[in-house]
Amino acid sequence: MTAVQKRALVVGLGIAGMSAAIGLRRAGWTPVIVERAPERRTGGYFVGLFPEGRQAAVDLGIADHLHTRNPERAVGTNAWSVDRRGRRRPALGFLDQPGGPAAVLRGDIEAALWQSITGVEVRFATTPVAITEGPAEAQVLLEHADTGGQYRESFDLVIGADGMRSSVRRMVFGPHEDHLTTWNAMICAFQLKEQAPTYEASDSIIIARAKRAVWVFGLADHAPTALLTYRTTDIQEQFNGSRLERLRAVFSGMDDPTVRHVLDSLEEAPDHVFDSVHQVRMPRWSTGRVVLVGDAAWCMNLYSGMGATSSLRGGAALGAALQEHPDDLAAALDAWEAGLRPFITKHQRAARLKQQMFVPSSRRAEALRSVLVGLARRVRGRQSATEAGGPQDMALSGTLR
């Protein structure tokens, strides 16, 4: 007599959702993915994939499909910091962090995951509108966006992988205000058509001023992506009126050719992300037959640099826990959270310091940041001189290892 295969509803076709679907399928479950968008989204901005994320890619079986884009370079040779006088100096860029993150686009990770979920049912333009838990199953009311038609379906597990403002979290765990922490900051990320004038194609550029900053992330075989970020005490006001005019006003006075290039490029960009910065803090990521993963559960935010890494790791670990506890869902979810939470907590806390590196809170913080980066660059330079050809060079070689 064959065992009945368990079914899971995965809400969201992003990195966290597809990672969870692959993990569950490896554990013997049948995942069904619903996605509110009418089709799979492609493209996306720069992502640094840290060692834990690269290991999760191996665990999920997507490493061979994942294209990385690290520029060939030595430490500090093509990242530049621009000071208030417009002087360009070698700097430590995002890729010079400990762990040697792999440079990818968000779409690169999603494309690799997409190739690996062949055979998984994906329903586009579909969202859950109600979730009712029972002792043996979760009843989900689903709605199709095109027709407005609704239908109920039963699942053994519901996985909310639908982002920072998760509808699953709101329905099951309560309103967003209960879980979103406010950082009084905004970000805008998008793809540039071409590099800023006078820079090499794969250069990274950092213009970090008190309460506002412009970053350009260079890639090996792709046009750079840009990040505009600034601090504000009135988040709601930032969403009023034209986003472009808002950003031009915020960055007025930063009379630098790169800043002008980035703002002009935004006007022509086919899509962009413009949003307030938050983290999601929850005492527990699951209840009964509903579990949250990725940004829906812990959103470490863009400053942390760990969003993609944690989403891959979270999905892979969830599948492993379910495989280890095939007949005890509660035990599986407990083990999954116990194993993952220390990692998430550590990087959520580190994000506050990283925010100062991305966008200093004051002129004093700006000056301190410059000193610290200069010291770190000298230390790294001495290390690279004595360890040429060592592990760091391998980590930055542009291949996933």
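Details of the structure are given in the entry above.
Computed from a predicted model, the values in this text were never measured in an experiment.

Peer 1: Is there a simple way to explain the packing of helix α7 (residues 307-324) against helix α8 (residues 329-358) in this structure?
Peer 2: How two helices sit against one another is set out by the angle between their axes and by the gap between those axes. Where α7 meets α8, the closest approach of the two axes is 9 Å, and the angle between their N-to-C directions is 150 degrees. As far as their axial angle goes, α8 and α7 are roughly antiparallel. Between α7 and α8 lies a crossing of right-handed hand. Across from Thr309, Ser310, Arg313, Gly314, Ala317, Leu318, Ala321 and Leu322 in α7, the residues of α8 making contact are Leu329, Ala332, Leu333, Trp336, Leu340, Phe343 and Ile344. In the contact of α7 with α8, the residues fall into 11 nonpolar, three polar and one charged.

Peer 1: Please clarify how the pattern of salt bridges should be interpreted in this entry.
Peer 2: A side chain with one charge may pair with a side chain of the opposite charge, provided their charged atoms come close. Per the stated rule, a full pass over the model turns up 17 salt bridges. Taking the shortest distance from any N to any O, the salt bridge between Arg84 and Glu366 comes out at 2.8 Å. Of this pair, Arg84 sits in the loop between β4 (79-82) and β5 (88-90) while Glu366 sits in helix α9 (residues 363-386), and the two are 282 residues apart along the sequence. Residue classification places Arg84 among the partly exposed positions, given a relative accessible area of 44%. Put simply, Arg284 and Asp334 hold a salt bridge, and the shortest N to O gap is 2.4 Å.

Peer 1: What should I look at first to understand the pairing of strand β6 (residues 102-105) in this one?
Peer 2: Within a regular strand, side chains alternate between the sheet's two faces. Side-chain alternation along β6 places Ala102 and Val104 on one buried face and Ala103 and Leu105 on a second face that is also buried. The pairing of strand β3 (residues 46-49) with β6 spans four bridges and is classified as antiparallel. When the sheet's bridge partners are listed, Phe46 is paired in β6 with Leu105.

Peer 1: Looking at this structure, I do not really get unusual backbone geometry. What am I missing?
Peer 2: Trans is the prevailing form of peptide bonds, just as negative phi is the prevailing case for residues other than glycine. The residue Lys211 is not glycine, and still its phi comes out positive at about 70 degrees. Following the sequence through the fold, Lys211 ends up in the loop between β13 (204-209) and β14 (212-217). Phi at Asn301 is positive, roughly 75 degrees, even though this residue is not glycine. Assignment of secondary structure puts Asn301 in the loop between β18 (290-292) and α7.

Parameters at a glance
Per chain, the residues get numbers from 1 upward, laid out in the order the sequence is written. Predicted model: local features are reported for residues with pLDDT of at least 70 only, side-chain atom pairs are reported and counted for 80 or more only, and whole-chain, interface and lining totals are derived from all residues. Hydrogens are left out, water is left out, and the side-chain values use all remaining heavy atoms of the structure. Lines fitted to the C-alpha atoms define the axes, with helices restricted to the stretch that makes contact. Angles between their N-to-C directions range from 0 to 180 degrees. A helix here means a DSSP run of H or I that spans at least four residues, while a strand means a run of E at least two residues long, and both kinds are numbered starting from the N terminus. Roughly parallel means an angle under 35 degrees; roughly antiparallel, over 145; roughly perpendicular, 65 to 115; everything else is oblique. Each helix crossing is assigned a hand: it is left-handed if the near helix lies turned anticlockwise from the far helix by less than a right angle, otherwise right-handed if that turn is clockwise. What makes two residues a contact is simply this: any of their non-hydrogen atoms within 4.5 Å. Put simply, Ala, Val, Leu, Ile, Met, Phe, Trp, Tyr, Cys and Pro go in the nonpolar bin, Asp, Glu, Lys and Arg in the charged bin, and everything else, Gly too, in the polar bin. Here, a salt bridge means any Lys or Arg side-chain nitrogen found within 4 Å of an Asp or Glu carboxyl oxygen. Partly exposed residues are those whose accessible area sits between 20% and 50% of the maximum for their type, while under 20% is buried and over 50% is exposed, using a 1.4 Å probe and protein chains only. Here, strands pair whenever DSSP counts at least two bridges between them.

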